[in-house]
Amino acid sequence: MFVGQAHQQQQQLLPRWLHALLTEKFFNACIIHEEARKNEKNIFCLDCSTSLCPHCFSHHRSHRLLQIRRYVYHDVIRLDDAAKLIDCAYVQAYITNSAKVVFLNQRPQAKQCRGSGNTCSTCERSLQDPFLFCSLYCKIDYLLRTEGGLSKYLLECNFLPLPEPGLDDGLMTPDSVLEPASRTNSSGSGGYGGGVGCKALACTAATDFVVRKKRTSVLVCNSPCRPVEPASASLMNRRKKTPHRAPLY
């Protein structure tokens, strides 16, 4: 994350709270409340640019607080909360536990055969149309590389309380499945993002996508796909025969 001299220079263009949010390690045990129960740091204080556990909450009640949640070992935040801080247009949202969420950072992915479908403009992860980014980090990294700053996309938020009914452990239920959000219009994702520069961003990212596809040779999978053989006709048409009984003597 943010490796190299170029990215170190880009760090200086990020607000302190945003850089801390993208690099913070959440859900680790709080050192101050090491002996307490439920001491995982799953709250982020924007005013202090640090992570908190529920026992630290009393000292930050008047601050802007962001609830961090986790799904399959990856940090996510509610789209409603993210949209108060930064323009989330073209960031693919997911639905889990009846709430729309977005991933904070990139997720590791195994190398695989690339198709001609829509992919993330930063990490090339497969996406649904019309989304361009799989996480907030991917959009931020793209904006820093192409526009040199985030001033047009950051939103002013003076009040950010924790969601009701209060604190929770931030863990998504194990049996919940992330489902892509429904297809939206080109103005953004999930109703968020009619912000400044969205159309120009979409055009630029689309152009980069076309150029990248032209420069990339077609990759062929090492193991060709085998066609599925149809079931035998004798098995499909097999009927239960009349049972034969032994003769009575």
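Figured I'd write up the structure that's included with this text. Every chain begins its residue count from 1, and numbering advances along the sequence as written. Local features in this predicted model are restricted to residues of pLDDT 70 or higher, and side-chain atom pairs are both shown and tallied only at a pLDDT of 80 or more, whereas totals for entire chains, interfaces and linings draw on every residue. By convention in this description, side-chain values take in all heavy atoms of the structure and omit both hydrogens and water.

Overview of the pattern of salt bridges
Consideration 1: Note on definitions: salt bridges are taken to be side-chain nitrogens of Lys or Arg within 4 Å of carboxyl oxygens of Asp or Glu. One pass over the structure, following the stated rule, counts 5 salt bridges.
Consideration 2: With a closest N to O distance of 3.0 Å, Arg64 and Asp47 form a salt bridge. Here the residue Arg64 occupies a position in the loop between strand E2 (50-52) and strand E3 (65-67), and Asp47 occupies one in the loop between strand E1 (43-45) and E2, the gap between them amounting to 17 residues. Each helix corresponds to a stretch of at least 4 residues labelled H or I by DSSP, and each strand to a stretch of at least 2 residues labelled E; elements are numbered beginning at the N terminus.

Topic: helix H4 (residues 136-146)
Consideration 1: Under the scheme applied here, a residue whose accessible area is under 20% of the maximum for its type counts as buried, over 50% as exposed, and between as partly exposed, the area being computed with a 1.4 Å probe on protein chains only. Among the 11 residues of H4, 9 are classified as buried, and the element is accordingly described as predominantly covered.
Consideration 2: Restricting attention to buried positions, one finds in H4 the residues Leu136, Tyr137, Cys138, Lys139, Ile140, Asp141, Tyr142, Leu143 and Leu144.
Consideration 3: Of the residues one or two after H4, Gly148 is the one with positive phi, at around 75°.

Points about the pairing of strand E7 (residues 99-103)
Consideration 1: Across the 5 residues of E7, 4 count as buried, placing the element largely inside the fold.
Consideration 2: By definition, two strands form a pair when at least two bridges between them are found by DSSP. Here strand E5 (residues 74-78) pairs with E7 via 3 bridges, running antiparallel. Pairing of Val76 across the sheet is with Phe103, part of E7.
Consideration 3: For strand E6 (residues 94-96) and E7, the ladder comprises 3 bridges, and the chain directions are antiparallel. In the strand pairing of E7, Tyr94 is matched with Val101.

Topic: helix H2 (residues 16-23)
Consideration 1: Buried within H2 we find Trp17, Leu18, Ala20, Leu21 and Leu22.
Consideration 2: In the core, the buried residues of H2 are packed alongside E1, E3 and H4. The contact definition used throughout considers only heavy atoms, calling two residues in contact when any of these lie within 4.5 Å.

A short note on the sheet that holds E3
Consideration 1: Taken in spatial order, the 3 strands make up an open sheet running E2-E1-E3, and their pairing is antiparallel. Lying at the two open borders of the sheet, with one neighbouring strand each, are E2 and E3. Neighbour-to-neighbour, the strand axes of the sheet open up by a mean angle of 30°, direction not taken into account.
Consideration 2: When E1 meets E2, the two strands line up antiparallel, connected through 3 bridges. Counted as the bridge partner of Phe44 is Ser51 from E2. What counts as an axis is a line fitted to C-alpha atoms, over the stretch in contact for a helix, and the angles between N-to-C directions run from 0 to 180 degrees.

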